[in-house]
Amino acid sequence: MTVKETKKGKTSKAESSSDDDVTLSRKTKKETKKPAPKKEDAKVKKEKEPEEDTMIKWWEEGTQHPGGQHWLTLEHNGVLFPPEYVPHGLPCHYKMEDGKLKEIKMEPDEEEVCTMFAVMREQTRPPSDYYINPIFRKNFFMDWLQILNSNPERNMKRFGSKQHPIRSLEKVNFDRIWEWHLEQKEIKKALTKEQKLQIKKEKDEAEQLYKYCIWDGKKQPVGNFRIEPPGLFRGRGKHPLMGKLKRRVKPEDITINIGPGAKVPEAPAGHKWKEVRTDNMVTWLANWTENVNGQGKYVMLAASSMVKGKSDHKKFENARKLGQMIDSIREKYREGWKSPDVGIQQRSVAMYFIDFLALRCGHEKGEDEAETFGACSLKCEHINLEEERDHVVFDFLGKDSIRYYNKVKVESKVWELLRKFVKGKTPNSDLFDRLIPTHLNSYLKELMPGLSAKVFRTYNASWTLDKEFFDDPVSDSISLPEKLVYFNAANTKVAILCNHQKSVGKGFQKAMTVLEDRLKMLKNLYSRLEDVKELSKKHKNNWQAKVDEQWEKDEHEQQQAWLEQYGTEEEKTAYKEKRAGKKPSKPKTTTATTTTKSSSSKPKEPEKKKSDPKPKTKREKKQMESDSDSDIPLAKKKKASKSAKGDDSGSDVPKKKSKKTKLEKRKAFESSEEDEPMKKKSKK
DNA sequence: TCGTAGACTTGGAAAAATTTTG
DNA sequence: CAAAATTTTTCCAAGTCTACGA
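Just so you know, these numbers come straight off a predicted model, no measurement behind them.

**Considering the protein's contact with DNA strand B**
Taken together, 28 residues are adjacent to DNA strand B, and S128, K308, S311, K315 and R457 come closest. Take the atoms of DNA strand B that sit within 4 Å of the protein: sugar and phosphate atoms are 89% of them. Between a phosphate oxygen of DNA strand B and a side-chain N or O atom of Y298, the distance comes to 2.7 Å. Within the contact set of DNA strand B, a sugar or linking oxygen lies 3.3 Å away from a backbone nitrogen or oxygen of Q501.

Here it is as structure tokens:
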């Protein structure tokens, strides 16, 4: 199918960009609910203050500072530090040679890190299965051990040996601390409402100072003013450093960026900042270097702030601009497929992937990172051309180690080129060995100022959403829930395009079972009602009695069936007795309370009536036990196909270069080919 | 021609808040 | 009211991309 028409009106929306959606829905929700609830405590609900003065229309132009400066004046109060560690004083235990557990008392520094780990005990399922992950455990243990052995004198005094007695993580028993953790949770839960409120109030108060800054004289919300607390690094996928201690950030680690002449926030008593500077070419208020990966962390403004808004705006304007010339760009890369230059061929195919499949650019990753891929960094083993002619099966781990699996039909020419690129190469060599992101982007920049690989994602995501709305406009007459379904369906298209996926949570299987169960029940009820309807037609005169009888019979049969399958002996007996000494209960033929509320839940079944009968019979609610089998329906993929139409016109092909001197990093990782983060294990 | 540091965007998971159920 | 379900917010790792430096 050709897609020539790609421009849409000015209605392109944010689509997957969570921020935008969130903002939108939040607003809507708030307004909707406002009229309804009257709050007994007027103060609980903090309504939006007018704040008209800050409502400047920055998108309308003119508000730009020259030379790439982001601000002229900037005031803020610095950052908020997490609370100091409060020791609980509890020991852990260590399994000795004789199998006995020996109590190990800990100093606060030892205990703090120990507790970080101990408390993760239940994190045993993907994607957060850190507690049982060997890499995580090893890294944590190394760092903990380092602390345990950091003070030989201390150890000598306590254990009569410079080396701490703990040598192996497997022999450490954290039960006591785990119990403490559970207790703490209970305590927290048991707090009275007033206490909870009080705590929250105190927290809010502590935040007040840091929540806003004054940016060019305007009050603006700060995003992450809270310094990240120490913890165990939770790298995703097969991150080699997961589990390492992310140490506590001190004022001495922090650089403050603030306007000229503005009052410099004071560092906590007894401390000082690493540096205080004034740099209006950047937007951050503070920064520090995190120790695990050595990367910078920044305190910046919130998504709702002006700067972020501007930049977001620019992003979409940019994508819109791409929309104006997407046709010619598509022509260009199609032209490139025919180039005699392999570099250009590769670049052109990569562009096709980025455009057509919305793949990310894909930069090279380092030794200390999980191995993930994108368009430019694909390996030969990530594509399979054998399945079907002109089809490519992609299978690789993308950002966050989320699997990209997709079988697509591609242009013949592309398929042929791919075959050529793969030829004679080992599976783990680069598919596009002559292409690097820098070159791709600088080429894109030539095609259109401001163009880079990611702009295609933004553009195509917006285009997709737009197309949904255009092809199948919302009808005014449908209900709000229906509109929601409509909107979500469109959004799902975008999610599929961009390969956005969420892992199924712990409760998913259970929730699904309940839902299926309920569906089954409703269907059953429906058919019974149908039967009864027939019956009542047949017995015009004494239909009531007939219906009662039939109903009771059904009920009994079902109950029997249920007991047969799930019931315990006691339950069976109890039922028998109950039935013996009881007269038929009255059926609820005509329900007066048919709340015809559209099911709404899963869009799969066209449910009609839902006369939700909360069965009076002892419908055991423990059906969660059943735990039927099966796999989780997960990310099915279909591909919206849009294609670029092409022909010839491209002329001068930009210079190609690209060498690629990637040091072959042989990953000693086990090459377990399948390792889906998706298995579902029911735990007792 | 790289390689990298620095700055900023992305986006999934966990936590918190809110609403619905029982 | 408490527990469960659902929605919103927060958190922060993991990307992108450009400018610099040699």
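Still more ground to cover, so stick around.
**Some remarks on the protein's contact with DNA strand C**
The immediate surroundings of DNA strand C are formed by 27 residues, with R236, K297, K365, K445 and S452 found nearest. Sugar and phosphate atoms represent 92% of those atoms of DNA strand C found within 4 Å of the protein. Contact between DNA strand C and K246: a phosphate oxygen at 3.1 Å from a side-chain N or O atom of the residue. In this structure, A453 approaches DNA strand C through a main-chain N or O atom, which is 3.1 Å from a phosphate oxygen. Breaking the surface near DNA strand C down by element, the ones donating at least two residues are α1 (18–33), α10 (437–447) and α11 (453–471). Looking at the surface near DNA strand C element by element, the count peaks at three residues for α1.

**Some details on the pattern of salt bridges**
Evaluated as defined, the whole model comprises 32 salt bridges. E275 serves as the salt-bridge partner of R277, at 3.1 Å between the closest nitrogen and oxygen. Here R277 falls in the partly exposed class, since its relative accessible area comes to 30%. With a shortest N-O distance of 3.7 Å, E534 and K537 are connected by a salt bridge. With E534 and K537 both in helix α13 (residues 508–538) and three residues apart, the pair spans about one turn of that helix. On the basis of relative accessible area, K537 is assigned to the partly exposed category, the value being 49%. Taken together, the shared-partner salt bridges connect D109, E110, R154 and R158 into one network.

**Re the sheet that holds strand β1 (residues 74–75)**
Strands belonging to one sheet form pairs held by backbone hydrogen bonds; the direction of such a pair is parallel or antiparallel. Read from one edge to the other, the open sheet built from three strands follows the order β1-β5-β6, with strand pairing classed as antiparallel. Where the open sheet ends on each side, the last strands, each with one partner, are β1 and β6 (218–221). Where β1 lies against strand β5 (residues 212–215), two bridges are found, and the strand directions are antiparallel. From the neighbouring strand, L74 faces β5, where its bridge partner is W215. Along the sheet, helix α6 (residues 193–211) makes contact with β5 and β6, crossing β5 at roughly 15°.

**Looking at the environment of Q544**
Mapped onto the secondary structure, Q544 falls in helix α14 (residues 543–565). Judged by its relative accessible area of 38%, Q544 is partly exposed. Once the C-alpha coordinates of Q544 and V532 are considered, the two residues, 12 residues apart in sequence, prove to be 9.9 Å apart.

**Comments concerning the packing of α11 against helix α12 (residues 480–498)**
Orientation of α11 relative to α12, taken along the N-to-C sense of each, is 150°, at an axis distance of 9 Å. Considering their axes alone, α11 and α12 lie roughly antiparallel with respect to each other. As α11 packs across α12, the resulting crossing turns out to be right-handed. Listed contacts from α12 to R457, N460, A461, T464, L465, E468 and F469 of α11 are Y486, F487, A490, N491, K493, V494, L497 and C498. In terms of residue class, the contact of α11 with α12 is built from nine nonpolar, three polar and three charged.

**Observations regarding the pairing of strand β14 (residues 391–397)**
Most of β14 sits inside the fold, with five of its seven residues counted as buried. In the sheet, strand β13 (residues 383–384) pairs with β14 via two bridges, with the strands oriented antiparallel. If you follow I383 over to β14, its bridge partner there is F394. The antiparallel hairpin formed by β13 and β14 contains six residues in its connecting segment, where D390 sits at a positive phi of about 65°. Summarising the sheet, β14 and strand β15 (residues 403–409) pair through seven bridges and their orientation is antiparallel. The residue of β15 that forms the bridge with V393 is K407. A loop of five residues connects β14 with β15, the two strands running antiparallel in sequence, and D400 in this loop sits at a positive phi of about 60°.

**Quick word on the pairing of strand β11 (residues 286–289)**
In terms of strand pairing, strand β9 (residues 255–257) meets β11 through two bridges, oriented antiparallel. The residue of β11 that forms the bridge with I256 is A286. Once β11 ends, the chain turns through six residues before running back antiparallel as strand β12 (residues 296–299), passing G294 with a positive phi of about 70°.

**Things to note about the UniProt feature "coiled-coil region" (unreviewed entry) in chain A**
On the UniProt side, "coiled-coil region" (unreviewed entry) is annotated at positions that read residues 182–209 and 512–542 here. In this annotation, residues 182–209 is assigned 93% helix and 0% strand; the end-to-end C-alpha distance for the span is 33 Å.

**A closer look at the sheet that holds strand β10 (residues 275–277)**
Pairing is mixed in the open sheet, where four strands are placed in the order β10-β9-β11-β12. Whereas interior strands pair on both sides, the edge strands pair on one side only; in this sheet they are β10 and β12. Strand-to-strand twist across the sheet, computed as the mean angle between neighbouring axes with direction ignored, equals 20°. In this structure, β11 lies alongside β12, joined through four bridges in antiparallel fashion. Bridge assignment links A286 to a residue of β12, and that residue is V299.

**Here's the deal with the packing of aromatic side chains**
Enumeration according to the criterion identifies 22 aromatic pairs in this entry. Ring centres of F117 and F174 lie 5.6 Å apart, and the angle between their planes is 65°; on these two criteria the pair is classed as edge-to-face. Of the two residues, F117 is situated in helix α2 (residues 108–118) and F174 in the loop between β4 (172–173) and α5 (175–190); the sequence distance between them amounts to 57 residues. The pair F117 / F174 is uniform in exposure class, with both members buried. The interplanar angle of 25° and the centroid separation of 5.7 Å between the aromatic rings of F469 and Y486 together place this pair among those described as stacked.

Analysis parameters
- Residues numbered from 1 in each chain as written.
- Chains lettered and ligands numbered in written order.
- Predicted model: local features only at pLDDT ≥ 70, side-chain atom pairs only at ≥ 80, totals over all residues.
- Heavy atoms only, no water.
- Near = heavy atom within 4 Å.
- Polar contact = N/O pair within 3.5 Å; in protein donor to acceptor, adjacent residues only side chain to side chain.
- Helix = DSSP H or I, 4+ residues; strand = E, 2+ residues; numbered from the N terminus.
- Salt bridge = Lys/Arg side-chain N within 4 Å of Asp/Glu carboxyl O.
- Buried < 20%, exposed > 50% of the residue type's maximum accessible area, 1.4 Å probe, protein only.
- Pairing = 2+ DSSP bridges.
- Contact = heavy atoms within 4.5 Å.
- Axes fitted to C-alpha atoms, helices over the stretch in contact; angles between N-to-C directions.
- Parallel < 35°, antiparallel > 145°, perpendicular 65-115°, else oblique.
- Left-handed = near helix turned anticlockwise from the far one by under 90°.
- Nonpolar A, V, L, I, M, F, W, Y, C, P; charged D, E, K, R; others polar.
- UniProt positions renumbered as here; feature names shortened; annotations may be inferred.
- Phe/Tyr/Trp six-rings, centres within 6.5 Å; stacked < 30°, edge-to-face > 60°.

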